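Structural overview for review
Okay, here's what each chain looks like letter by letter:
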Amino acid sequence: MAGIFKAYDVRGLYPEELDETRARAIGRSFPQVLDPSDLERTRTVVVGRDMRPHGVPLCEALIEGLREGGVDVLDIGLATTPMNYFAVGRLGAAGGVQVTASHNPPRYNGCKFSLGDARPVSGDGGIPEIERLAATGGPRAESLGVLSQGEIMSTYREHLLSFLDDVPGHHRLRVAVDAANGMGCLYQPLLEAAGIDLELLYFELDGSFPNHEPNPLNLDNLRDLGELVRSSGADLGVAFDGDADRAGFVDERGEPVGSDLSTALIGGELLARYPGTAVVYDLRSSRAVAEYIREMGGEPIRERVGHSFIKATLRKHDGAFGGELAGHYYFRDNYTADCSLMAVFEMINLLRRRGQPLSEIVAPLARYAKTPEINFEVEDKEAMMAELARVFADGEIDTLDGVTVQYHDWWFNVRPSNTEPLLRLVAEARDEALLAEKEAALLEILGDPV
């Protein structure tokens, strides 16, 4: 089972790597990593699933395992991952499990875990213990937990709509949304209640993802959305990933907006509400993010990639908001958990308040030339990162996540993927010419991208 346990979650091919037997073992094991203080309050674990057909038998097996492990289960059925996190926090559950493989291809499935108050379970904490226990089938408790069915959407709707600002005199926005046949389809009623004109794309639940991969980080997956924005005259385009815990944005021209710059803009909105607080961003982000957060009176905090790290740092500093280049957005007002639709609503607030096209709002943040995240297959990742540190030893080097080398007019980060056998590169420079020069030098060492 070892190969399915990743840094942040469980993912594998169904049924070769993850089947009902393994799901049941994972269910039996999960109660062992729950916080004892949470279990003293309640023994309830929230379980939800995405639209993949094999999610049904896997979810049933997981629930059987959880009950055999001695916890009660609240089954919320089809749900986005953020809905699961919200349910854990709002209902005061001891933890949660979402059966999903996010943006992975149709034959994959997996589990995302949380502790009480929607705190993360990660590779640094409970996932190795779940792996160890599940390898022998997982421990059985003396008594069987109780199964109940529940519904969270009505409470979730009330929660999210409360964050839409009343901006008098704003023009009615038109928003194009691509659900990619994923769980973002469940958000249609909430979007319809947001006081906007909607243009919907691929809003039919289909775990085969017939139209495109549900991953807004891949710019190819934003093409259809960009075309819809242009043809419909929309003010904003939104793309959700498979389990709808991430969102990508395009402006009114159909051009993608980097999620790091979206983090800066949404962070600015939150700082107006919570002046002087911290905004956490991942180290792949443009230097413009920290600059803008300071300009808005906030405290920018740079953190390594991964939801468990961002959430922990956000909690430590009581920050208002955090964001990642992959399109995850974390809100203190949402149990410090990811909420893609909350990010959408904050972008709507921004557009209503500013009364300008999104491209004009973003333009002052496009201060540097930056690569997308570029992937490389490298046999010895550690040796390659050491070689990069040697070649660029005259720069300012840190190893918070992989290796980052900074100069006054450019920087780069190369880090090992937490989910795939790859090294990932991001570089930024003062202008396109310098970026092209430095990217070429890096590719001389790293080889051809995949």
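Use the structure listed above.
Residues numbered from 1 in each chain as written. Predicted model: local features only at pLDDT ≥ 70, side-chain atom pairs only at ≥ 80, totals over all residues. Heavy atoms only, no water.

A separate point is the packing of helix 14 (residues 381-391) against helix 15 (residues 432-446). Helix packing geometry: the angle between the two helix axes and the distance between the axes. Axis separation between helix 14 and helix 15 bottoms out at 10 Å; the angle between their running directions is 140 degrees. By the angle between their directions, the pair helix 14 and helix 15 is classed as oblique. With respect to the hand of their crossing, helix 14 and helix 15 are arranged in right-handed fashion. Seen from helix 14, the contacting residues are Met384, Glu387, Leu388 and Val391; seen from helix 15, they are Leu442, Ile445 and Leu446. Considering only residue class, the contact of helix 14 with helix 15 consists of six nonpolar, no polar and one charged. (Axes fitted to C-alpha atoms, helices over the stretch in contact; angles between N-to-C directions. Helix = DSSP H or I, 4+ residues; strand = E, 2+ residues; numbered from the N terminus. Parallel < 35°, antiparallel > 145°, perpendicular 65-115°, else oblique. Left-handed = near helix turned anticlockwise from the far one by under 90°. Contact = heavy atoms within 4.5 Å. Nonpolar A, V, L, I, M, F, W, Y, C, P; charged D, E, K, R; others polar.)

Next up on the list: the packing of helix 1 (residues 20-29) against helix 3 (residues 55-68). Their axes nearest at 6 Å, the elements helix 1 and helix 3 cross at an angle of 35 degrees. Of the two elements, helix 1 crosses helix 3, and the hand of that crossing is right-handed. Residues Glu20, Ala23, Arg24, Ile26, Gly27 and Arg28 of helix 1 lie in contact with helix 3, whose contacting residues are Pro57, Leu58, Ala61, Leu62, Glu64, Gly65, Leu66 and Glu68. Looking at the contact of helix 1 with helix 3 residue by residue, the classes come out as seven nonpolar, two polar and five charged.

Residues spaced three or four apart along an α-helix face the same direction, because each turn holds 3.6 residues. End to end, helix 15 covers 20 Å across 15 residues, agreeing with the expected 21 Å (1.5 Å per residue, within 8%). Of all the positions in helix 15, only Leu434, Leu435, Lys438, Leu442 and Leu446 are classed as buried. Seen along its axis, helix 15 keeps its buried residues to an arc of 95 degrees; they face one direction. Pointing more than 90 degrees away from the buried face of helix 15 are the exposed residues Glu432, Ala433 and Glu444. Contacts from the buried residues of helix 15 go to strand 17 (369-370), strand 18 (374-376), helix 14, strand 21 (410-416) and strand 22 (423-429). Its side-chain oxygen 3.3 Å from the backbone nitrogen of Ala433, Asp431 forms the N-cap of helix 15. Just past helix 15, the residue Gly447 takes up positive phi, approximately 95 degrees. (Expected span 1.5 Å × (residues − 1). Buried < 20%, exposed > 50% of the residue type's maximum accessible area, 1.4 Å probe, protein only. Arc of directions from axis to C-beta. Polar contact = N/O pair within 3.5 Å; in protein donor to acceptor, adjacent residues only side chain to side chain.)

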